Amino acid sequence: MTLPVHHQHGRLLERSFPTLGWSEPIAAEFGDLFERMNRFLEAAGAAPAATVFSPPADLRETDDAYFVEAELPGIEREDIDVELSERELCIAGEYKEQEREGVLRRSTRRTGRFEYRVLLPSDVKEEEVTATLADGVLTVVVPKSQGTRSKHIEITQA
């Protein structure tokens, strides 16, 4: 069953709404807000989006260190930046598009900038951080500082 629809002429925000207590100044404010949002969305849609993605990675913790293993197949060691600032670890770089002959009919490989960031739960020894790249997996070892290592506490019978 279709319900009857009551149509009024004019734009929604050009009318006053006495039953809602809205007068012309409030309707004008909404009109201004809608116009600004439309301009914002048009500007956001026109700008090309940066193709930054996060590679698959695991964060593992032991008693002595944190281990970050990030999958970076086909990327050279020189194209990866690893930075540690206080407790935040950042792995960044770029997958460059390969030169090819012929017509590329289909591609599912990602290209462009990548970035993986993680905030480590406790203080670390920044000067002892190591990073190795083997078989397309970057492993970053971040040793914990002496004060943050976990200590096993024996439970005694009361």
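Description of the structure in this document. Computed from a prediction, not measured in an experiment: that's the story for all the values here.

As for the packing of aromatic side chains
Here is step 1: Enumeration over the complete set of coordinates arrives at 3 aromatic pairs.
Here is step 2: With 6.4 Å between their ring centres and 45° between their planes, F53 and F114 make a pair best called tilted. Pair noted here: F53 is in the loop between α1 (24–46) and β1 (57–61) and F114 is in strand β5 (residues 112–119), with a separation of 61 residues, a long-range link. Each member of the pair, F53 as well as F114, is classed as buried.
Here is step 3: With a centroid separation of 5.6 Å and an interplanar angle of 50°, the aromatic rings of Y95 and F114 are classed as tilted. Of the two residues, Y95 is situated in strand β4 (residues 88–95) and F114 in strand β5; the sequence distance between them amounts to 19 residues. We note that Y95, like F114, is buried.
Here is step 4: Three or more aromatic residues joined by ring pairs make a cluster, and in this case those are F53, Y95 and F114.
Here is step 5: For R60, the ring lying beneath its charged end belongs to F67, and the centroid distance is 4.5 Å.
Here is step 6: Against the face of Y66 rests K144, its NZ or CZ located 5.2 Å from the ring centre.

Structural notes on the nonpolar core
Here is step 1: In this structure, V68, L72, I80, I91, F114 and V140 are the most contacted members of the largest nonpolar core, which totals 18 residues.
Here is step 2: Secondary structure elements with two or more residues in this core: β2 (65–71), β4, β5 and β7 (137–143).
Here is step 3: Dropping the residues within four chain positions of it, V140 is found in contact with Y66, F67, V68, V82, L89, I91, V129, T130 and A131.

Details of the pairing of β1
Here is step 1: In the sheet, β1 pairs with β2 via 5 bridges, with the strands oriented antiparallel. The residue of β2 that forms the bridge with A57 is A70.
Here is step 2: The turn linking β1 back onto β2 is made up of 3 residues.

Notes on the pairing of β2
Here is step 1: Burial analysis of β2 places 5 of its 7 residues in the buried class, the great majority of the element.
Here is step 2: Both β2 and β7 contribute to a ladder of 7 bridges, which runs antiparallel. In the sheet register, F67 faces β7, and the bridge partner there is V141.

Regarding the sheet that holds β4
Here is step 1: Sheet architecture is open: 3 strands sit in the order β3-β4-β5, paired in antiparallel fashion. Looking at the sheet topology across the chains shown, the edges are occupied by β3 (80–85) and β5. Adjacent strand axes in the sheet meet at a mean angle of 15°, parallel and antiparallel pairs treated alike.

Rules used throughout
Just so you know, the residues in each chain are numbered from 1, in the order the chain's sequence is written. Since the coordinates come from a predicted model, pLDDT governs what is reported: local features require at least 70, and pairs of side-chain atoms require 80 or more to be given and counted, while whole-chain, interface and lining totals use all residues. Neither water nor hydrogens contribute to the side-chain values; these are computed over all heavy atoms in the structure. Only the six-membered ring of Trp is used, alongside the rings of Phe and Tyr, when aromatic pairs are assigned; centres must lie within 6.5 Å, and planes under 30 degrees apart are stacked while those over 60 apart are edge-to-face, with the rest tilted. Where helices and strands are cited, they refer to DSSP runs of H or I of at least four residues and of E of at least two residues respectively, numbered from the N terminus. The buried label goes to any residue with under 20% of its type's maximum accessible area, the exposed label to any with over 50%, and the partly exposed label to all in between, with areas taken from a 1.4 Å probe on protein chains only. Geometrically, a lysine NZ or arginine CZ counts as sitting over a ring once it is within 6 Å of the ring centre and also within 35 degrees of the ring normal. Here the nonpolar core consists of buried residues drawn from Ala, Val, Leu, Ile, Met, Phe, Trp, Tyr and Cys, with membership extended through side-chain atoms lying within 4.5 Å. The contact criterion used throughout is that any non-hydrogen atoms of two residues lie within 4.5 Å. Whether two strands pair depends on DSSP finding at least two bridges between them. Note on geometry: axes are lines fitted to C-alpha atoms, helical ones only across the stretch in contact, with angles between N-to-C directions running from 0 to 180 degrees.

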